[in-house]
Amino acid sequence: MIKANDPFLKSWVEVPAGSDFPIQNLPFGIFKTRYLSPVAGVAIGDYVLDLVYLHENGYLDGIGLPPGIFNQKYLNDFVAMGRKKARQVRERVSELLRVDSDELKGNPAREIALIPMREVQMQMPVRVPNYTDFYSSEEHATNVGSMFRDPKNALLPNWKHLPVGYHGRASSIVVSGTPIHRPKGQIKLPDAEQPVFGPSRKMDFELEVAFITCSETKLGQSVSTAEAENHIFGFVLFNDWSARDIQQWEYVPLGPFLGKNFGSTISPWIVTLDALEPFRTEGPIQTSEVLPYLKFNGPKNFDIKLGVLLQPEGGEPVTISRSNFKHMYWNVNQQLAHHTINGCNLQVGDMYASGTISGPDPGSYGSMLELTWNGAKPLQLPTGAERRFIEDGDTVILNGYCEKDGVRIGFGSCQGKILPAI
Ligand code: MN
């Protein structure tokens, strides 16, 4: 039992109802303020707790953290210390924030350590060496296969035998709030013989959750499904922006390229695997016998309620999809085992995105491609406007939270605005 997950814990820091960041969460991130260069912090209610202050003032003594570990632009060095170290820090921060603890609460200088979220600017939590995107939702793969190939054979023959994926682009992963310019590229219109060049006309989002690894493995080494979780530090929300028209023309035979690599947006707080423990659940039943290296034991999915909102320029955000991470056919253990079965090495800070998470009903589809069926059924917004795909000035907001035993922990917002092509 992880003490910091106790549903009865309360903090002396006020946590508003419906907050993503009660004392049972305590996710790690990197923030800066007008006065502070980027440093590590933990979210609590509407505040960020400065880990540099805690470390430099002896609050984390005994954990064995090197000096300066939190006074860095990225969390990679801390993440590389592994899950046990992060667990010790999270447990200690939890102790300090408990309603019956006076250690930090009684310190008149505590306001230096506790900074209102409205005064901080969140940064990329890790430097991302590698990014992989899977394709692990059966509903999503079936929808896409039905649209572009054949509804009767929507899933390709390999789909139920391995978690399909591709290597994405790490350099263009940005933190929530960073605007994205509409990409330009080659587009082949259905009735044209030749491609044209121009801004994408089918700008889309993909609702995903990504995990971040905390260890280096050697070339040639594989990670089993049983060991996989020792290598997973935590999770973020992930929007894998996609230009469907560019993608459709370019993707055969090697898969996504310029239709995807112009930008991906993540939520800023890494919610630890520890914090997600109480929200484990069984995944969908795998209907095809898998090879031994993909077999696993126990509940490996997580009940994370996901939402997508669309906010037109100057308008209010409107919910356009509600899904759940538990729908994933392939779980993260299988994804990591498959990724390394050939000897591919892991690095600290690598990001592994789930693939678009669509649920069984149309209100739970995780992309505009599916929600509007490739533009055939436009979404009607309350203002009377229609959307087939994402327009310039639109902001797409992903959110996600788990709820059980009166505890609700969330990821914070993962949002990005689409600007016109340059
Ligand atoms: Mn994707």
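It should be noted that the structure appears before, not after, this text.
Residues numbered from 1 in each chain as written. Predicted model: local features only at pLDDT ≥ 70, side-chain atom pairs only at ≥ 80, totals over all residues. Heavy atoms only, no water.

## Topic: the pattern of salt bridges
Line of reasoning, step 1. Applying the stated criterion across every chain, the model contains 20 salt bridges.
Line of reasoning, step 2. As a salt-bridge pair, R87 and D274 come within 2.7 Å of each other at their nearest N and O atoms. Within this pair, whereas R87 is found in helix 3 (residues 83–97), its partner D274 is found in helix 7 (residues 273–276), the two being separated by 187 residues in sequence.
Line of reasoning, step 3. Taking relative accessible area as the criterion, R87 reaches 31% and is therefore assigned partly exposed.
Line of reasoning, step 4. According to the relative accessible area criterion, D274 is buried, its value standing at 3%.
Line of reasoning, step 5. Of the charged contacts in the structure, one is a salt bridge between K300 and E229, with a shortest N-O distance of 3.3 Å. Separated by 71 residues along the polypeptide, K300 in the loop between strand 18 (280–281) and strand 19 (301–302) and E229 in the loop between strand 13 (207–213) and strand 14 (232–239) bring together distant segments of the chain.
Line of reasoning, step 6. Classification of K300 as buried rests on a relative accessible area of 15%.
Line of reasoning, step 7. Sharing partners across several salt bridges, the network here consists of D204, E206, D240, R244 and K260. (Salt bridge = Lys/Arg side-chain N within 4 Å of Asp/Glu carboxyl O. Helix = DSSP H or I, 4+ residues; strand = E, 2+ residues; numbered from the N terminus. Buried < 20%, exposed > 50% of the residue type's maximum accessible area, 1.4 Å probe, protein only.)

## Side note on the environment of S171
Line of reasoning, step 1. Assignment of secondary structure puts S171 in the loop between strand 7 (165–167) and strand 8 (173–175).
Line of reasoning, step 2. C-alpha separation for the pair S171 and P129, spaced 42 residues apart in sequence, amounts to 8.2 Å.

## Some details on the packing of aromatic side chains
Line of reasoning, step 1. Inspection of every chain in the model, using the stated rule, returns 14 aromatic pairs.
Line of reasoning, step 2. These aromatic residues form a ring-pair network of at least three members: F211, F235, F302, F325 and Y352.
Line of reasoning, step 3. Across from the ring centre of Y401, 4.0 Å away, lies the NZ or CZ of R408, which sits over that ring. (Phe/Tyr/Trp six-rings, centres within 6.5 Å; stacked < 30°, edge-to-face > 60°. Lys NZ or Arg CZ within 6 Å of the ring centre and 35° of its normal.)

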